[in-house]
Amino acid sequence: MLLTTPVISSLKHQYPDAEIDVLLYQDTIPILSENSEINALYGIAGRKSGAINKACNFIKLLLKLRKNKYDLVVNLADQWMVSLLVRAIPAEMKISHQFNHRNTQYWRNSFTHLSVPEGEHVVMNNLSVLEPLEIKELKTHLTMSYTEQDWKNIDQKLLELGVHSSYVVIQPTARQMFKCWDDEKFSEVIDALQSRGYQVVLTSGPSKEDIECINNIASGCKVKPITELAGKTSFPELGALIAHAALFIGVDSAPMHIAAAVKTPIVCLFGATNYVFWRPWSDNAELFWAGDYEPMPPRDELDRSKKYLSIIPASDVIKATEKLLPMNIRSMMKRY
């Protein structure tokens, strides 16, 4: 969802008086909750919801959206039920990408305009959906919004935890194993950072597996990093935390894109995924791809239980932190 914000910004710039509503999964609403360019957020039930709950949610949403009398519908999703929803929403113009796996007459007839997805990065790929509108000035920046209170909350917690100077945020967890790095290598990187005077804050999701990963990494460090915020921040608070960090280190996950949006320097690690398409949208990032160390399997042969990132040595990541941090430590010291 964060990577759709350039589309929202481009529409708002082109049509400054327009009210822009966003339909997204319920659990991703917090990512865009503080975005001032959005008028309203509507949540659709996720995959983990039961069939009855999904059906009720869909009907309620449909009734709400029909009442809003939209002039324009912009679709970035490829799920089949999108076509059902779009057909039921009155709008003069309905635009979408033409997805290869949705090449049916029913899908095509659900929209007034279809465009072929273009762009090697997901941000430009998303923006290409606007081609029928002939917008002359596309906005390509990501937007991760948080309030002043979000930062005050985080800042107070950091002070209580003894963080008084430049700190580094590390998010080691991802939803899928093939996107993860070795815990002991994260510990090695943390030891190197803390030996140079940087405090390290570990973040993660709230799941039991994520917290176990955080604790395992911390237990392998010579000096325990800050773990008390792991799984306990809202998305806007996480955005504030990362925005004020000297550096972000992580794997292919949402916090990596948050770091790009708030312009924090990034060291990121990719495994058997399309790193060109999903790389951080930033010009201040050091990217490691496991495919530079050994051949990666094609997508249809991917073993989702394997840690492909294990081939990346901790020493290379440590060198990347040394390259990025000297350029940023002075500017981050102004926090106090």
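Residues numbered from 1 in each chain as written. Predicted model: local features only at pLDDT ≥ 70, side-chain atom pairs only at ≥ 80, totals over all residues. Heavy atoms only, no water.

1. Some remarks on the environment of Thr227
Line of reasoning, step 1. Here Thr227 lies in the loop between helix H9 (208-219) and helix H10 (235-243).
Line of reasoning, step 2. Residue Thr227 is classed as buried on the basis of its relative accessible area of 12%.
Line of reasoning, step 3. Residues in contact with Thr227, not counting those within four places in the same chain, are Leu202, Ile214 and Ala218. (Helix = DSSP H or I, 4+ residues; strand = E, 2+ residues; numbered from the N terminus. Buried < 20%, exposed > 50% of the residue type's maximum accessible area, 1.4 Å probe, protein only. Contact = heavy atoms within 4.5 Å.)

2. Brief notes about the packing of aromatic side chains
Line of reasoning, step 1. Considering all chains together, one arrives at five aromatic pairs under this definition.
Line of reasoning, step 2. Here the aromatic rings of Trp181 and Phe186 are separated by 4.9 Å at their centres, their planes lie at 85°, and the arrangement is edge-to-face. Just as Trp181 is buried, Phe186 falls in that class too.
Line of reasoning, step 3. Summarising the aromatic geometry, the rings of Phe277 and Trp278 are spaced 5.1 Å apart at their centres and angled 85° between planes, so their arrangement reads as edge-to-face. (Phe/Tyr/Trp six-rings, centres within 6.5 Å; stacked < 30°, edge-to-face > 60°.)

3. Points about the side chain of Ser187
Line of reasoning, step 1. Tracing the backbone shows Ser187 in helix H8 (residues 183-195).
Line of reasoning, step 2. In this structure Ser187 comes out as buried when scored by relative accessible area, which is 4%.
Line of reasoning, step 3. In contact with Ser187, not counting residues within four places along its chain, are Ile217, Gly220 and Cys221.

4. Description of the nonpolar core
Line of reasoning, step 1. Counting 48 residues, the largest nonpolar core has Leu130, Leu158, Tyr167, Leu241 and Ile242 as the members making the most contacts within it.
Line of reasoning, step 2. The next biggest cluster of nonpolar side chains, apart from the first, holds 39 residues, and it includes Phe186, Ile190, Ile214 and Leu309. (Core = buried A, V, L, I, M, F, W, Y, C linked by side-chain atoms within 4.5 Å.)

5. Structural notes on the pairing of strand S6 (residues 167-171)
Line of reasoning, step 1. Counting buried positions along S6 yields five of five residues, so the element is predominantly enclosed.
Line of reasoning, step 2. Residues Tyr167, Val169 and Gln171 point to one face of S6 and Val168 and Ile170 to the other, with burial holding for every one of them.
Line of reasoning, step 3. Pairing geometry for S6 and strand S7 (residues 199-202), over four bridges, is parallel. Of the residues in S7, the one forming a bridge with Val168 is Val200.
Line of reasoning, step 4. Inspection of the sheet shows S6 paired to strand S8 (residues 247-251) by four bridges, in the parallel sense. Counterpart to Gln171 in the pairing with S8 is Gly250. (Pairing = 2+ DSSP bridges.)

6. Here's the deal with H9
Line of reasoning, step 1. End to end, H9 covers 16 Å across twelve residues, agreeing with the expected 16 Å (1.5 Å per residue, within 8%).
Line of reasoning, step 2. Turning to H9, its buried residues are Asp210, Cys213, Ile214, Ile217 and Ala218. Projected down its long axis, H9 carries its buried residues within an arc of 130°, all on one side. Exposed and facing more than 90 degrees away from the buried side of H9 are Lys208, Glu209 and Ser219.
Line of reasoning, step 3. Looking at the packing, one finds that the buried side of H9 touches H8 and S7. (Expected span 1.5 Å × (residues − 1). Arc of directions from axis to C-beta.)

7. Concerning the packing of helix H3 (residues 51-67) against helix H4 (residues 81-88)
Line of reasoning, step 1. Here H3 crosses H4 at 35°, and the two axes come no closer than 9 Å. Here H3 and H4 pass one another in a crossing that is right-handed. From H3, Phe58, Leu62, Leu65 and Arg66 reach across to H4, where they touch Met81, Leu84, Leu85 and Ala88.
Line of reasoning, step 2. Residues of the contact of H3 with H4, tallied by class, amount to seven nonpolar, no polar and one charged. (Axes fitted to C-alpha atoms, helices over the stretch in contact; angles between N-to-C directions. Left-handed = near helix turned anticlockwise from the far one by under 90°. Nonpolar A, V, L, I, M, F, W, Y, C, P; charged D, E, K, R; others polar.)

8. Some details on the pairing of strand S3 (residues 72-75)
Line of reasoning, step 1. Side chains Val73 and Asn75 project from S3 onto a buried face, and the interleaved Leu72 and Val74 project onto a face without burial.
Line of reasoning, step 2. Across four bridges, the pairing between S3 and strand S4 (residues 93-97) is parallel. The residue of S4 that forms the bridge with Leu72 is Met93.
Line of reasoning, step 3. The parallel pair S3 and S4, bridged by H4, forms a crossover whose chirality is right-handed. (Right-handed = clockwise from strand over helix to strand, strands pointing away.)

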